Structures are given as C-alpha cells and as structure tokens.
Amino acid sequence: MRKITIDDAVYLWKREHLHLIAGEHCKCIEKVVLYLEGYKKSPLQLFFREEDNLKFKTDIEKEKWCVGYPDEGVIWLYKKQPLLADNEPNSDNQEQTIEINLNRPAVITALIRYFLQTDWNPKQSTRPYIIKDALQFLEIIVLPKGIK
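What comes next concerns the included structure.

About the cut-offs
Residues numbered from 1 in each chain as written. Predicted model: local features only at pLDDT ≥ 70, side-chain atom pairs only at ≥ 80, totals over all residues. Heavy atoms only, no water. Helix = DSSP H or I, 4+ residues; strand = E, 2+ residues; numbered from the N terminus. Buried < 20%, exposed > 50% of the residue type's maximum accessible area, 1.4 Å probe, protein only. Contact = heavy atoms within 4.5 Å. Areas by Shrake-Rupley, 256 points an atom, 1.4 Å probe, with all protein chains shown as cover. Phe/Tyr/Trp six-rings, centres within 6.5 Å; stacked < 30°, edge-to-face > 60°. Lys NZ or Arg CZ within 6 Å of the ring centre and 35° of its normal. Pairing = 2+ DSSP bridges.

**Topic: the overall build of the protein chain**
Part 1 of the reasoning: Per the secondary structure count, the protein chain includes two helices and eight strands.
Part 2 of the reasoning: In the protein chain, the order of α-helices and β-strands from amino to carboxyl end is β-β-β-β-α-β-β-β-α-β.
Part 3 of the reasoning: A buried classification covers 41% of the 148 residues belonging to the protein chain.
Part 4 of the reasoning: In the protein chain, once contacts between residues fewer than 6 apart in sequence are set aside, the share between residues at least 24 apart is 52%.
Part 5 of the reasoning: Total accessible area computed for the protein chain in this model is approximately 9100 Å², and 47% of it derives from carbon and sulfur atoms.

What follows is the structure in structure tokens.
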C-alpha cells in the first residue's frame, strides 16, 4: 500500500489490474482501493471496467474508454476523428487519446477529494464504499491527464 497525505490526513492506497473472464473473452479491470489511515473497515473501492462504456457512451466505435492494456493502471479515452465529406480525415491524426494514469498520486488525490465531498465517509462508516462502475466518473471528476 502507498501513502498519501491530504489536508493533514494520511490515506493508504493501491491499484490492481484484474481480469474478468466472460466466456472466451477476458476483460480488463483497474481497481483502486483507498483507506483513511486507521479506518481499514471503510475503504473506498473503485472498479474501472471497460465494459461500462456501454452504459454511457452512445457510439463506442467512435469513442470509448480503454482500460489497463497495454499499460496497467492507465485508462485512456479513444476518440476516432470524423471523416470529411470526401472520406478524408479532418486532421493528420485520425485518432485522439486522453490518458489518465491511476498510478499517479495527483490522480489519487483528486479521487479522494471528490468522493469525500460526495458519499464516502470513512470515519463514520463500518463497511466498504464500493463503486462498481467508476468509469463514468472519469468524465465527471477533473483528473490530471497524461501518463506522467
């Protein structure tokens, strides 16, 4: 577990890369677990699952979040640029990506601050606060972008 201090409070955190096997396919999941030091019974557990794109993306062929492969801990938004009327791309680069690295302390700090302001209360709770579809929060929370 790694330590991070935010507003004089110490938090412990870890990130794991998991695989969900469904039939013949293996789906990547990034899991982040956060504890307020001294309150191990009430962690925040975030599951970033690529399959959750289907819940909030209207056209995942043109835009979707990719999770953990080839870089564990990195989630990136893949956007395919639309073609012009003559089937030419509208720029030199037909694909665009935005990366969020869950290994970065700045990203973890932003996640902790956001969830402390919503429903996570580690000092008063006695059980884990679990978000199984955390992918949606990548578009709600302002997180530092980039691999480093």
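Having put the structure on the table, let's press on.
**With respect to unusual backbone geometry**
Part 1 of the reasoning: We note that Asp7 has phi near 50°; this positive angle belongs to a residue other than glycine.
Part 2 of the reasoning: The topology assignment puts Asp7 in the loop between β1 (2-6) and β2 (9-22).
Part 3 of the reasoning: For Asp7, a relative accessible area of 61% puts it in the exposed group.
Part 4 of the reasoning: One non-glycine residue, Asp8, adopts positive backbone phi at about 70°.
Part 5 of the reasoning: With respect to the helices, strands and loops of the structure, Asp8 is situated in the loop between β1 and β2.
Part 6 of the reasoning: Judged by its relative accessible area of 80%, Asp8 falls in the exposed class.

**Some words on the packing of aromatic side chains**
Part 1 of the reasoning: Under the defined criterion, the tally for this structure stands at four aromatic pairs.
Part 2 of the reasoning: A ring pair is formed by Phe115 and Phe137, whose centres lie 5.1 Å apart and whose planes are at 70°; its orientation type is edge-to-face. In this pair, Phe115 sits in helix α2 (residues 105-117) while Phe137 sits in the segment after β8 (129-131), placing the two residues 22 residues apart along the sequence. Residue Phe115 shares its accessibility class with Phe137, and that shared class is buried.
Part 3 of the reasoning: Aromatic ring contacts, followed pair by pair, group Tyr114, Phe115 and Phe137 into a single cluster.
Part 4 of the reasoning: The ring centre of Tyr35 lies 5.1 Å from the NZ or CZ of Lys40, which sits over that ring.

**Here we look at the pairing of strand β6 (residues 74-80)**
Part 1 of the reasoning: For β6, a buried count of five out of seven residues is recorded, marking the element as mostly surrounded by other parts of the structure.
Part 2 of the reasoning: The sheet contact formed by strand β5 (residues 63-67) and β6 spans five bridges and is antiparallel. The residue bridging Cys66 from the neighbouring strand is Trp76, located in β6.

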